[in-house]
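# Structural description and commentary
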Amino acid sequence: MTLPTETQPIPIVCARCSTNPAGLTRAPFRGPLGEEIQRRICPACWDEWKRAEVMVINELKLNFMEPTAQEVLSAHMREFLSLDRTGAR
């Protein structure tokens, strides 16, 4: 599946807030997870996660020199953004 370019956001139903805004204008990072976020998360919820991400890193004292740190952060992100839920919030 080819996702739209940065100038062509697609309409979505946000997995976290269940609104119907235009989606992110581009995937926040490469790979399947970045594409899933672009398809399922609205810009407002992504911005909320970016602020919460800093708190998670600080509160859990994540050290990204440790191999598990990225896995822990990704699990918190998936939970925060409701990516593993099949139904709306």
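Just above sits the structure.
The text that follows walks through the structure, step by step, so that each part is easy to find.

## A few points about helix α2 (residues 43-59)
For α2, with 17 residues, the first-to-last C-alpha span of 24 Å sits near the 24 Å given by 1.5 Å per residue. Of the positions making up α2, those classed as buried are Cys45, Trp46, Trp49, Ala52 and Val56. Close packing links the buried residues of α2 with α1 (32-40) and α3 (69-80). Once α2 ends, the next one or two residues include Lys61, with phi positive near 50°.

## Here's the deal with α1
For α1, every residue scored as buried is listed here: Gly34, Glu36, Ile37 and Gln38. Its buried side turned inward, α1 meets α2 and α3.

## Here's the deal with the state of the cysteines
All told, the structure shown has zero disulfides when counted by the stated rule. In this structure Cys14 is a free cysteine whose sulfur lies 3.7 Å from that of Cys17, the closest cysteine sulfur available. Between Cys45, a cysteine without a disulfide, and Cys42, which holds the nearest cysteine sulfur, the sulfur-to-sulfur distance is 3.6 Å.

## Some details on the packing of α2 against α3
Running from amino to carboxyl end, α2 crosses α3 at an angle of 140°, the nearest separation of the two axes being 10 Å. With respect to each other, α2 and α3 are oriented oblique. Classified by chirality, the crossing of α3 by α2 is right-handed. Residues Cys45, Trp46, Glu48, Trp49, Ala52, Glu53, Val56 and Ile57 of α2 touch α3, and the partners they reach there are Leu73, His76, Met77 and Phe80. Taken together, the residues of the contact of α2 with α3 sort by class into nine nonpolar, one polar and two charged.

Rules used throughout
- Residues numbered from 1 in each chain as written.
- Predicted model: local features only at pLDDT ≥ 70, side-chain atom pairs only at ≥ 80, totals over all residues.
- Heavy atoms only, no water.
- Helix = DSSP H or I, 4+ residues; strand = E, 2+ residues; numbered from the N terminus.
- Expected span 1.5 Å × (residues − 1).
- Buried < 20%, exposed > 50% of the residue type's maximum accessible area, 1.4 Å probe, protein only.
- Contact = heavy atoms within 4.5 Å.
- Disulfide = S-S within 2.5 Å.
- Axes fitted to C-alpha atoms, helices over the stretch in contact; angles between N-to-C directions.
- Parallel < 35°, antiparallel > 145°, perpendicular 65-115°, else oblique.
- Left-handed = near helix turned anticlockwise from the far one by under 90°.
- Nonpolar A, V, L, I, M, F, W, Y, C, P; charged D, E, K, R; others polar.

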